[in-house]
Structures are given as structure tokens and as C-alpha cells.
Amino acid sequence: MTQVKAIRRFTVRTVLPEPIRPLARLASNLRWSWHRPTRELFATLNPRIWAESGNDPVSFLGLASREEFAELAADPEVVEQIAAAAADLDRYLEQPRWYQGLGAEAPAAIAYFSPEFGITEVLPQYSGGLGILAGDHLKAASDLGVPLIGVGLLYQAGYFKQSLSRDAWQQETYPVLDPDGLPLTLLREPSEEGQGRPLEVSLPLPNGRRLLAHVWRADVGRVPLLLLDSNVPGNDDAARGITDRLYGGGGDHRLQQELLLGMGGVKALRAYQRLTGTPAPEVFHTNEGHAGFLGIERIQELMAGEQALSFDEALTAGRASTVFTTHTPVPAGIDRFEVAQISHFFEAGLAPDVPVAKILELGRENYADGDPSVFNMAVMGLRLAQRANGVAKLHGEVSRGMFSALWPGFDHAEVPITSVTNGVHVPTWVDSRISALARSQFGSEAEANGRWDLAYNVSDADVWTLRREMRSALVADVRQRLRASWKKRGAADAELGWTDNVLDPDVLTIGFARRVPTYKRLTLMLREPDRLKALLLHKDNPIQLVIAGKSHPADDAGKKMIQELVQFTDDPEVRHRIAFLPNYDIAMARTLFPGCDVWLNNPLRPLEACGTSGMKAALNGSLNLSVLDGWWDEMYDGENGWAIPTANNGASPEERDDIEAAALYELLETQVAPRFYGSSVSEAAGAAGPSTTASKEAVPTHWVSMIKHTLAHLGPQVSADRMLRDYVNVLYRPAAEAGRTAVANSYAQARTLASWTASVRAAWPLVSVEHVDSVDVSADPQIGDTLQVNAYVALSTLKPQDVSVEVAYGKAEESDSLTDVTLIELKAQEDLGGGRHLFSGSLVIDRSGSFGYTVRVLPRHDALASKAELGLIVNA
Ligand SMILES: *Cc1c(COP(=O)(O)O)cnc(C)c1O
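Residues numbered from 1 in each chain as written. Predicted model: local features only at pLDDT ≥ 70, side-chain atom pairs only at ≥ 80, totals over all residues. Heavy atoms only, no water.

### A few points about the site of the ligand
Around the ligand, a shell composed of 15 residues is seen, among which Lys520, Tyr584, Thr612, Ser613 and Lys616 lie nearest. Measuring from an oxygen atom of the ligand, one finds a side-chain N or O atom of lysine 520 at 2.7 Å. Protein coverage of the free-state accessible area of the ligand, which is 390 Å², stands at 95%. Of all the elements in the fold, those that place two or more residues in the shell around the ligand are α7 (129-144), α21 (586-595) and α22 (613-619). The biggest single contributor to the shell around the ligand is α21, with three residues. Residues that form the shell around the ligand fall into these classes: six nonpolar, five polar and four charged. Counting residues domain by domain, the shell around the ligand receives three or more from each of domain 2 (107-419) and domain 3 (451-681 + 707-717). (Near = heavy atom within 4 Å. Polar contact = N/O pair within 3.5 Å; in protein donor to acceptor, adjacent residues only side chain to side chain. Areas by Shrake-Rupley, 256 points an atom, 1.4 Å probe, with all protein chains shown as cover. Helix = DSSP H or I, 4+ residues; strand = E, 2+ residues; numbered from the N terminus. Nonpolar A, V, L, I, M, F, W, Y, C, P; charged D, E, K, R; others polar. Domains from an automatic or database assignment.)

### Thoughts on the nonpolar core
Residues Leu508, Leu625 and Trp703 are the most contacted members of the largest nonpolar core, which totals 139 residues. Aside from chain neighbours lying at most four places away, what touches leucine 625 is Val598, Trp599, Leu600, Asn601, Trp642, Ile644, Leu664, Leu667, Leu668 and Val672. (Core = buried A, V, L, I, M, F, W, Y, C linked by side-chain atoms within 4.5 Å. Buried < 20%, exposed > 50% of the residue type's maximum accessible area, 1.4 Å probe, protein only. Contact = heavy atoms within 4.5 Å.)

### Comments concerning the pattern of salt bridges
Applying the stated criterion across every chain yields a total of 53 salt bridges. The partner of aspartate 88 in a salt bridge is arginine 31, with the nearest N and O atoms 2.8 Å apart. You can see aspartate 88 sitting in helix α6 (residues 76-94) and its partner arginine 31 sitting in the loop between α1 (22-28) and α2 (36-45), a full 57 residues away along the chain. A salt bridge links aspartate 236 to arginine 209; its shortest N-O distance comes to 2.7 Å. With aspartate 236 in the loop between β10 (223-229) and α8 (237-240) and arginine 209 in the loop between β8 (200-204) and β9 (210-220), this pair connects stretches of sequence that are 27 residues apart. For aspartate 236, a relative accessible area of 32% corresponds to the partly exposed category. (Salt bridge = Lys/Arg side-chain N within 4 Å of Asp/Glu carboxyl O.)

### Re empty space enclosed by the protein
Under the defined criterion, the tally for this structure stands at six cavities of 30 Å³ or more. Reported here for the largest cavity is a volume of approximately 80 Å³. Within the residue set of the lining of the largest cavity, elements represented by two or more residues are α18 (460-488), α20 (556-569) and β19 (578-581). Broken down by class, the residue content of the lining of the largest cavity amounts to eight nonpolar, two polar and three charged. (1 Å grid on protein atoms, 1.4 Å probe; cavity = no way out; pocket = protein on both sides within 12 Å on 5 of 7 lines; lining within 4 Å. Points joined across faces, edges and corners; volume = space filled by probe spheres on them.)

### Some points on the sheet that holds strand β28 (residues 851-859)
Within a sheet, each strand pairs with its neighbour through backbone hydrogen bonds, oriented either parallel or antiparallel. Pairing in this open sheet of seven strands is antiparallel, and the strands run β23-β24-β27-β26-β25-β28-β29 from one edge to the other. At either margin of the open sheet sits one strand with a lone partner, and together these are β23 (768-775) and β29 (874-875). (Pairing = 2+ DSSP bridges.)

### Topic: the domain arrangement of the protein
The domains assigned to the protein are domain 1 (18-94), domain 2 (107-419), domain 3 (451-681 + 707-717) and domain 4 (767-875). Summarising the inter-unit geometry, the C-alpha centres of domain 1 and domain 2 are found 34 Å apart. Listed as interface residues are 14 residues of domain 1 and, on the opposing side, 15 residues of domain 2. In terms of surface lost to domain 2, no three residues of domain 1 exceed Leu30, Trp34 and Tyr92, which account for 46% of the buried area on that side. Remark: the boundary between domain 1 and domain 2 carries zero salt bridges. By residue number, the principal contributor to the side of domain 1 that touches domain 2 is α6, which donates three residues. In terms of residue class, the side of domain 1 that touches domain 2 is made up of seven nonpolar, four polar and three charged. (Buried area = accessible area lost by both parts, 1.4 Å probe.)

### A word on the environment of proline 427
Within the secondary structure layout, proline 427 lies in helix α16 (residues 426-429). Counting along the chain gives 287 residues from proline 427 to alanine 140, while the straight-line C-alpha distance between them is 9.3 Å. Not counting residues up to four positions away in its chain, the partners in contact with proline 427 are Trp34 and Asp143.

### A word on the packing of helix α9 (residues 251-276) against helix α12 (residues 339-346)
α12 packs onto α9 with a crossing angle of 50° between their chain directions and a minimal axis gap of 11 Å. With respect to each other, α9 and α12 are oriented oblique. In terms of crossing hand, the pair formed by α9 and α12 is right-handed. Facing α9, whose interface residues are Gly251, Asp252, Leu255, Gln256, Leu259 and Met263, α12 presents Gln341, Ile342, Phe345 and Phe346. (Axes fitted to C-alpha atoms, helices over the stretch in contact; angles between N-to-C directions. Parallel < 35°, antiparallel > 145°, perpendicular 65-115°, else oblique. Left-handed = near helix turned anticlockwise from the far one by under 90°.)

### So, the side chain of serine 485
Tracing the backbone through its elements, the reader meets serine 485 in helix α18. Given the relative accessible area of 7%, serine 485 is considered buried. Excluding anything up to four places from it in sequence, serine 485 contacts Leu164 and Pro582.

### Let's talk about the pairing of β28
As paired strands, strand β25 (residues 803-812) and β28 are joined by nine bridges and run antiparallel to one another. Paired with glutamate 806 across the strands is arginine 856, a residue of β28.

### Things to note about unusual backbone geometry
For the bond from arginine 605 to proline 606, the omega torsion is 5°, close enough to zero to count as cis. Phi is positive for alanine 308, close to 45°, though the residue is something other than glycine. The topology assignment puts alanine 308 in the loop between α10 (294-304) and α11 (311-320). Of note, the phi angle at aspartate 369 is positive, near 70°, even though the residue is not glycine. Among the structural elements, aspartate 369 can be located in the loop between α13 (356-363) and β14 (374-376).

### A look at the state of the cysteines
As enumerated under the stated definition, the model contains zero disulfides in all. The structure places no disulfide on cysteine 596, whose sulfur is separated from the nearest cysteine sulfur, that of cysteine 610, by 19 Å. Of the residues examined, cysteine 596 reaches a relative accessible area of 0% and is grouped as buried. (Disulfide = S-S within 2.5 Å.)

### What about the packing of aromatic side chains?
This structure, assessed with the given rule, holds 22 aromatic pairs. The aromatic ring of tryptophan 464 is capped on one face by arginine 471, whose charged end is 5.6 Å from the ring centroid. The ring of phenylalanine 512 has arginine 514 sitting right over it, with the charged end atom 4.5 Å from the ring centre. (Phe/Tyr/Trp six-rings, centres within 6.5 Å; stacked < 30°, edge-to-face > 60°. Lys NZ or Arg CZ within 6 Å of the ring centre and 35° of its normal.)

Written as C-alpha cells, this is what we have:
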């Protein structure tokens, strides 16, 4: 089969009758994926075809017959509805939104590069959290009017479809997508007559080969998303296969995907600008290391351009407007290539004006504990971007520690990696029943304005009824998916009657779904199978579990975990209370989050960078039960769910799993289940007391109050709108300003900063604090005394204004390390000749006890975004 390749491929596009022609626009703009009225319109036009299409408007248009279209076009009411929907879309696309109120200083365009984008299950170009986040980023940008352009790859088979074998081993299939049947438009060169040739991006490969790619555009509301596709006629078979699947193959295959994404992506962007006349991006956002080569392409552009910048100047100019987001504290999650592999590809002329040695330096782990034979994509990302961030507060902190070797001599707290906590796109992830209730009780204004606080005004009974409806919808979905899964596993219908009674719409429902890398600990719940069984089968307060997740195809440890779990769920004794659903995707997720009362997350802290599924659950009034990792570490407040304690103080991994699993069982048994069933006995006692049905409340008031609190407090915090505003304010605007300054007046500042940096680096080994003395300390220092500090500093060829000389003071520990540090800058007092300078200043002793201070020297320049930027410091 795979040997037979079409030499030509085309899809016969439906010709819509004039009166209903706007349907094509409504189908091709992905806004329908989060705009309920548009989906409802398609559903009401023809419910049968809508169901057959898998709720996919483009497929809907392909399935309907000419007669059916003619009938719709003859119905004035239908024509009017379609026109109204199209007019609404136009308003959405054109009206000024939040960003348009920011003024002319805000960046004119922002390019956002990501290896995956999860927008809708119809466009399966994602594997998990990273892709869904990127999709939500684009959607929120669209809603807020942020002028983002997404850049990614179009994978012919997306990630993979998961099913199970009879013995519960993950099976992967790779159904090939036809781009012509997807909500995508091929970019073409302009042409006098008819269709122009497809726009082509071209990269040289070793051995005289070339890699060509076409570019598809998806419209995500207002945001264009450009996807590069190497499956084009001009390529040899190997080159055609480069975009075959997401994270497929290792080594060279992955590397070529990343070269195409980063370098080809910038070329695609330039071609798009040329075709559409849209403004050039003023900020380039690298979403995870995979996209990092975009920085090399931009250096190439600047070195080859008419300004003929040197490498250092081009790097300086490019960095100023680049933002890098790191997404994982798990070393295995970071791409590392052999240095030799990188030079092999770049020697083919991928960036002909950039010396290959310079490129290699950017990714080299030439620091303490690094491996110098390795090219590290995250390290390159950090070196190519003047601004970087992690994706939750804790992850920012962990990242500062993890990458601290790049800034030797600095405290971890000073490592220039900030954080912007992820968020989720509310219209995508809130169940339509919740929006409907909000609209009916408070009007559509309240819904549009994100009035989450109104949750408090809904009656307890209404909340509880709604939760049961959402839980029932999940139960129905699970039954159907489970039957389908068993049929795939080889069971006959006659054996599957039991699936009709799986799960109970009145039982406390707990969800756990995510990718299955080891650190997420899918099987922690199985640590003591009998305890889990007892919870599932509890006479009065039972729980039920719905579980889903894909393992990376090359990860047998993950597949083993899935197998172990599925084999547990296959046991006839418990299978009505626990189900594993294959092929976790966006469609499943949209039923799963609202249907669960509790969302469980038990990663090994602090390896979960953020985690977003718990946020989606919270938006639907599910309570989180989670290890204090990622977002939960900063947003757990005692009333919005539960924190599973972490045993990270020296316990072995085995002990740690034992302790944390035991804590999980204990929480479920004594806190979560009794509260859900409104059996107050055990709550008051703080232990699992005997509870009887008779003592239960009809509506568990404490539980419902936690739901309301969750909606009111977490709703605004976890939304992708909040995240986008943070990105705009904390990163995009400063990066655009730095970028403009760098390039103004023929790159004047980039040039001076580059040569200044070179001179500072050259002089730095000779910089030292030769002597420090302090005057006026009495023999018996008191709080409030002033201490004058004089520092004699050797600066070699540098001038006093090139550096900051600081005194750092605080509480001195036994080990002489300082805590609670305050910094004061000393002033240059006197040129002592021979490159020596006196710096002095005074500080007030503001605390009792052991007091200490030290002096340090750092480079200083207005164009540096942080003191630590160059990684240079001299500590006395
Ligand atoms: C949200 C989501 C994820 C990511 O979940 P995490 O909690 O970040 O692991 C993965 N897959 C799907 C389908 C999702 O909706």
C-alpha cells in the first residue's frame, strides 16, 4: 500500500449555490471550533450529515449532495441564517479588540513558532499539552486581537491513533490525512490567469539534495497559521517523508523536521508577507527548543542583507526581538543532537553566510556538567533569545536552577528566565451546558465579560443538577467508547452487554488523562491494588475512574504502564467502576473534563512544568486533587481542591511512590468521597467513620461551595486570555521595543552593543575586586549604623560606566553564604590609574544578628535586558 503513491492528488471542491456560498468561509475559518453558534448552524442544516462528518464543517460540505445544497439554497430562512452567521464572523475578524487599545507602540506582528498545534480534533497536529497550549495561544490571540502569525509543520499522519490489543498493548496507526480535505488553503504565487503555482520554500540538504515544502494556511479566527508540508512532487522520497508524522523517527529525521520548522518557517513567513502585504513580525516567539533554528535563519538574513552585519551584530539584533519559552524540566524532553550531525547539515549551505563553528557554539553544552559533544536545542534557544520564560512560577524557578550553569557565578534567582503561567482557552473548554446556564440566568453579557464571580449566585440545586447532567453525558460517552474499544480488541457484541452498565451517573467520578511519560505516574493509583479496589467498591462512598492517555510509540515503559492499568480495569470485579479509553484527543477531552467531579494529577514534583488539563477541569467546576506541581503549586488555596503531599525529602523513588500513593488513598477515603456524598460524619472526625445513606445530604453543600469557589477564583486565573495579556505585557512589548532600538539607524545600536560585548568579554578575565574596606563600623555595630564601603576594582581596559559595582549584604549563614540579600550600587569615586578604580557607597545595617556583605562587578549597558544577560560576574 505505502509503495503506491499518487503522482497527482486533488479534491473535487464542492460548488456551493450562490445564496449559501458563505458556508465555505464559515467552514474554513476554524473559529467554528470554539464558536458554538456556528457549529449549531451546521448541525441544524442537516443533522444526519453533521453526525456523519464527525462534526467537521469541511467534511460536511464534501458529504452533502448537490440536491441537498439546492434545497438549502431555496429556503429563505436558511439563507438568512447563513448570511447572519457570516456577518457575525466578519465582525469578529474586523472589529477592534483588546489589543487595538494598546496604541501604536504595541508590536505590529508577532510570529509564534511551535512544532505542534492542537486546535481541533479535525486537524490532528498535536501530541499533548504543548500542542494544545499552542492552539489555545492562537485562539486567545484571535479573541484579543493580538496580531499573531503561527508557524508549524503539516504532518501527513499527525501523531498517531491509539487502540489496544487483546492483551492491552498499545497499537499505533497512522491514517494519512488529505490536506485538501482539511480546513487549509494552499499558498500560491500570484498569477495573471487561473491558479498560480504553489508557493515553494526550499532548503539545501547534504549531498546536493534539496528539501522543498509547500505552505498551507489555516485560519484560526483572526490568526493565520502557516504549516509547511514536505510531501510535494519535487522532493525525493526521503524528503517527502520529513513531515510524515509528529516526533516520528529519531536523529536525522527529527533534526530535519526542526530545520524545516525553524529555517523554512522564517522563509514561509517572508513569502507570506510578500504575498499579502502584511507587516513583518517585530517579535519572534520560539515555543520550545524544537523551533529554535528560526534564530539562525534570521542571523543569515541579517548577514546576507544589505547592511552586511557581522555574526555578532546579527546575533545581537536578532536576540533583541526573540522570546524563548521552555516547557520541560525533564532532561529527556529536551532535544539534543550530536554536534557532528548539526555541522553535517549546516555544511550543506543551510545558512551560507553564518560560520558553522558559530552555529555549533550556540548549542554547545560548554559549561560545568555539560556534554561538549552535544548540541542542545534549549541551550541554543536561550542563547538566541534575549527574553526567556518557563510556564508556571514553580517551573520558572526550576528552570533557573536547571540552566544556571549558563550563568555561572549568579544566584539561581538572578538567572534571567521569568515565567508566564499557562492558561486554557475558555470558549473551547467550557461545556456548553455551563455557558447555557450562565446565559439563561445572567444574560449573554455576563458570559462575554467573564463574570465568573456570578457562580456564587447560582443555587446549589442548579449546580448539582448541572453536574449530574455533565457526568451522565460522560458516562454515556464512556460506555460507547469502551464497547468500540473492546470490539477492536476482538470481542463480539454478545460478550459486551456489560459495557452498557459501566459507570454510574451518581457515583463520584475521577478523571486522569494525559500523555504517559514516566514522571506523570499513570499507575501510581495501582500501588496498592486492594486499596484502590476497596475505594471503587466502597459500599456507601464509592468512586469511579476514567483514564486515558497515549504513550510515545518508542516508549515501552509507558506502554507497559498502560498495559498494567488496562489489565486492572479488565477485571470483572471492578470493570464497572474503572475504564481506560483509548485514543485520548480533543474531542474526548471536551466530554471528559466537564464529566469528572475530581481531576487527578500525581506527577513527580517538580517535573510537571505546568499541566493544563486540571485548568480545563476547573473551568467546568471539577475539583482538583493534585500534587503541588506546575500551576497547582501557585493556585491551590485550600478551598478549590486538595493537595497530595510530596515526599521529596530524601526518600528513594520507590519509597516516594509508596508514601504519595498512600496519601492519595487516604485523601480519597477520608476527605474527597465523604464530602462528595455529603456524609458529614467523617469530615468532622477527619477520619473515615462509618457513614450511612441516611445521614447524607441531598445536595452536598460543602462540595457545591467548593465548586463555586473554584469557578469564581480559578476561572479568571486559568484563562488563556490572562496568559496572552501576560505574554504581551511581560515579553512581547519589551521585545518589540528592544528589537526596534537595536535595528534603528542602520542597526546602530546592535553594532555598538555587539562591539561593546566583545570588548567586555575580552577584558573580563582581567577584571577583579582587588580590595574592599569599610569605614566607620564601631567595635559594637548597631541597627541603624551606617557602613561605608570602598571597593578597589581593576577594570583593565573597561571604563567605570561599563560596569556596575554592587555591594550585596544580608544575613550571613554558618557557611558564609548570604541570605535575604539586598543590593546597593557603589559609585565610581576615583580613577586610580593603571585601570584601577575606587567605587564607594554606604549602607545602613538594617538587621540584628549575623550580618555579612560582599562586593561584585557586572557588565552594564542600557540595552541589556538583565544584569545577568552576558553571564559575566566577578565576585569579591
Ligand atoms: C489538555 C490536554 C492535554 C495536556 O494535559 P496536561 O495536563 O498538560 O498533561 C493533552 N491532551 C489533550 C487532548 C488535552 O486536552
